[in-house]
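Spelled out, the chains give:
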Amino acid sequence: MKTAVALMVGVVIGVVIWWLGVPVQWAVVLAVPPTAFGVLVSRLPRATDVLWTADPPPPASISTAHASTLASRLAEAAEDPRRYEDRFRGRLSRLGIDAGEMPDPKTLAEKLRRVE
């Protein structure tokens, strides 16, 4: 719709220039630049449009809870190998970490960083 209006304005500019006594060819040549500019402006997205988005979640809300829970569960699993088998081995294998036995904490941290 905006493009059609821009084209109509271009035609009106050409007709007005022709009525002022300019030959038709020159009226067309003089009407093309403002018409092209109007079409260009009508086709571009508006730079002033506001993109409303929600505020980002506050940092360290849910991730801190997960990290502290993971740390306590890893501490429990280090004391009881059966808990490691029950809680972590399947989950780590789904992440692509082969862990037949409880890995060294530094090694596990490095593997989890690579998974992220």
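Caption draft 1: Geometry of the overall build of the protein chain. Each helix and strand in the protein chain was counted, giving five helices and zero strands. Going from the N terminus to the C terminus, the protein chain shows its helices and strands as α-α-α-α-α. Classification of the 116 residues of the protein chain by burial places 14% in the buried group. When contacts within the protein chain are restricted to residue pairs at least 6 apart in sequence, long-range pairs at least 24 apart make up 29% of them. Of the roughly 9,600 Å² that the protein chain leaves accessible, carbon and sulfur atoms contribute 65%.

Caption draft 2: Spotlight on the confidence of the model for the protein chain. Across the protein chain, pLDDT averages 76, with 66% of residues at or above 70. Mean pLDDT across the secondary structure elements of the protein chain bottoms out at helix α3 (residues 62-79), with 67, and peaks at helix α2 (residues 24-43), with 90.

Caption draft 3: Region of the structure containing a nonpolar patch on the surface. A contiguous nonpolar surface patch, about 990 Å² in accessible area, is contributed by V11, V12, V15, V16, W18, W19, L20, V24, V28 and V32. Every element with two or more residues in the nonpolar patch is listed here: α1 (2-19) and α2. By residue number, the principal contributor to the nonpolar patch is α1, which donates six residues. Relative to the helices and strands, V16 is located in helix α1. We classify V16 as partly exposed; its relative accessible area is 38%.

Caption draft 4: Expanded view of α1. With 18 residues, α1 ought to run about 26 Å at 1.5 Å a step, and its terminal C-alpha atoms sit 26 Å apart, in line with that. Within α1, burial applies to A6, G10, G14 and I17. The arc that holds the buried residues of α1, viewed along the axis, is 80 degrees, so those residues lie on one side. Away from the buried face of α1 by more than 90 degrees, exposed residues M8 and W19 are located. Summarising the contacts, the buried residues of α1 are in contact with α2.

Caption draft 5: Representation of the side chain of S42 in the model. Inspection of the secondary structure assignment puts S42 in helix α2. In terms of polar contacts, S42 uses its side chain to reach the side chain of T3, at 3.4 Å. In contact with S42, not counting residues within four places along its chain, are K2, T3 and A6.

Caption draft 6: Structural context of the packing of α1 against α2. Packing of α1 against α2 leaves a shortest axis separation of 8 Å and a crossing angle of 160 degrees. Classed by the angle they form, the pair α1 and α2 counts as roughly antiparallel. Here α1 and α2 pass one another in a crossing that is right-handed. For the pair formed by α1 and α2, the contact residues are K2, T3, A6, L7, G10, I13, G14, I17 and W18 on the first element and V24, A27, L30, A31, P34, T35, G38, V39, S42 and R43 on the second. Taken together, the residues that form the contact of α1 with α2 break down as eleven nonpolar, six polar and two charged.

Caption draft 7: Region of the structure containing α2. The end-to-end C-alpha separation of α2 is 28 Å, in line with the 28 Å expected for 20 residues at 1.5 Å each. At V32, α2 shows its maximal kink, close to 30 degrees; a proline, P33, follows between one and four residues later. A27, A31, T35 and S42 are the residues of α2 that are buried.

Analysis parameters
Residues numbered from 1 in each chain as written. Predicted model: local features only at pLDDT ≥ 70, side-chain atom pairs only at ≥ 80, totals over all residues. Heavy atoms only, no water. Helix = DSSP H or I, 4+ residues; strand = E, 2+ residues; numbered from the N terminus. Buried < 20%, exposed > 50% of the residue type's maximum accessible area, 1.4 Å probe, protein only. Contact = heavy atoms within 4.5 Å. Areas by Shrake-Rupley, 256 points an atom, 1.4 Å probe, with all protein chains shown as cover. pLDDT = per-residue confidence, 0-100. Patch = residues over 30% accessible without salt bridge, like charges linked within 9 Å, V, L, I, M, F, W, Y side chains within 5 Å. Salt bridge = Lys/Arg side-chain N within 4 Å of Asp/Glu carboxyl O. Expected span 1.5 Å × (residues − 1). Arc of directions from axis to C-beta. Polar contact = N/O pair within 3.5 Å; in protein donor to acceptor, adjacent residues only side chain to side chain. Axes fitted to C-alpha atoms, helices over the stretch in contact; angles between N-to-C directions. Parallel < 35°, antiparallel > 145°, perpendicular 65-115°, else oblique. Left-handed = near helix turned anticlockwise from the far one by under 90°. Nonpolar A, V, L, I, M, F, W, Y, C, P; charged D, E, K, R; others polar. Bend = angle between axes of the 7 residues up to and from the residue.

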